[in-house]
Amino acid sequence: MLNAKRFDIEKSNNCENDYVLIEEYIYGIWIKIGKYCGQEAVKDIKTVSHSIRITFRTNERITGDGFKLRYDVGCGGTFTSNRGIIVSPNYPGLYAPNINCNYLIQTKTNDLIKLEMQDFDVEGDERCNFDSLTVYNGNNTESQKFGPYCGKGLSNIPHTFKHRGSLLLNFKSDYSTQKRGFKAKYSLLSCGQNFTQSSGEFESPNEDVNYRAKIFVFGSRILLSVFM
């Protein structure tokens, strides 16, 4: 999380002159979070990845007092974008001892959430009593529970979780033996989509419910209708 303790940059339309540009690294590219100037508040900026880039640009004209930013490596958070990356604290370094982090993926339109594990290395024991990751089909720990999971390698946890509306991940550690932690990506699977390429793949909106389907062919066009 980023917060400004001091911020005074020359103000201009669309921050064309002097500015602070904040970006985060997602799916191999730098994505713009915001471009700031004037005395605009940089407050409670959260990222979904573990890498950010801050660019400060000035010209030869008006100057200001500059800026001072404070950053904190957070634990957990709420994720509402259409896709993102979730990692344990300090990933790929060692996570901290004695943490209890909740990561909530929340949709606004009750879309299907698909969570895919990409890396997993958590202190293991037979019952995962020490460090663990637990997944809940809902927005609280009273929801349907999967886990806890621990150990090293993706063979110790299901590769994919799916649920509609919200998914909650709880990651906790004890006082001893820290590992690399976990990395997962999520995406929202909406119901219905237009396909224009000559070939591709698609799936039903939710594998956990029964459905009926009809296929209509109109010349070179194919229409698949799914009834929930």
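The shown structure was predicted, so the numbers you read here are calculated from the model rather than taken from an experiment.

Enquirer: Can you help me understand the state of the cysteines in this one?
Expert: Counted by the stated rule, this structure contains two disulfides. Here C15 pairs with C37 through a disulfide, and the sulfurs are 2.2 Å apart. On the sign convention where negative is left-handed, the bridge of C15 and C37, at about -80 degrees about the S-S bond, is left-handed. Taken together, the residues span a long stretch of sequence, with C15 in the loop between β1 (2-8) and β2 (19-26) and C37 in the loop between β3 (29-36) and β4 (52-57) at a distance of 22 residues. A relative accessible area of 7% means that C15 is categorised as buried. Shown here is the disulfide that connects C128 with C150, its sulfur atoms set 2.1 Å apart. Because the torsion about its S-S bond is -80 degrees, the bridge between C128 and C150 counts as left-handed. Remark: C150 occurs in the loop between β11 (144-149) and β12 (151-152) and C128 occurs in the loop between β9 (112-122) and β10 (132-137); sequence separation between them is 22 residues. Just as C128 is buried, C150 falls in that class too.

Enquirer: What is the right way to read the pattern of salt bridges from this model?
Expert: Pairing between side chains of opposite charge can happen when their charged atoms approach one another. Scanning the entire structure with this criterion turns up five salt bridges. The partner of E23 in a salt bridge is R53, and the shortest N-O contact between them spans 3.0 Å. Remark: R53 occurs in strand β4 and E23 occurs in strand β2; sequence separation between them is 30 residues. By relative accessible area, E23 is classed as buried at 10%. Residue class for R53 comes out partly exposed when judged on its relative accessible area of 33%. Between D121 and R180 there is a salt bridge; the shortest N-O distance is 3.5 Å. Here D121 is found in strand β9, whereas its partner R180 is found in the loop between β14 (166-172) and β15 (181-189), with 59 residues between them in sequence. Assessed through its relative accessible area of 8%, D121 is described here as buried.

Enquirer: For this particular structure, what's the right way to read the sheet that holds β3?
Expert: Sheets are built from strands paired through backbone hydrogen bonds, the pairs being either parallel or antiparallel. An order of β3-β2-β4 is seen for the three strands of this open sheet, with the pairing classed as antiparallel. Only two strands of the sheet have a single partner each, and these edge strands are β3 and β4. Taking the axes of each pair of neighbouring strands and ignoring which way they run, one obtains an average angle of 25 degrees across the sheet. As defined by bridge partners, β2 adjoins β3 across seven bridges and the pair is classed as antiparallel. Across the sheet, I22 pairs through a bridge with G34, a residue of β3.

What counts and how
Residues numbered from 1 in each chain as written. Predicted model: local features only at pLDDT ≥ 70, side-chain atom pairs only at ≥ 80, totals over all residues. Heavy atoms only, no water. Disulfide = S-S within 2.5 Å. Helix = DSSP H or I, 4+ residues; strand = E, 2+ residues; numbered from the N terminus. Buried < 20%, exposed > 50% of the residue type's maximum accessible area, 1.4 Å probe, protein only. Salt bridge = Lys/Arg side-chain N within 4 Å of Asp/Glu carboxyl O. Pairing = 2+ DSSP bridges. Axes fitted to C-alpha atoms, helices over the stretch in contact; angles between N-to-C directions.

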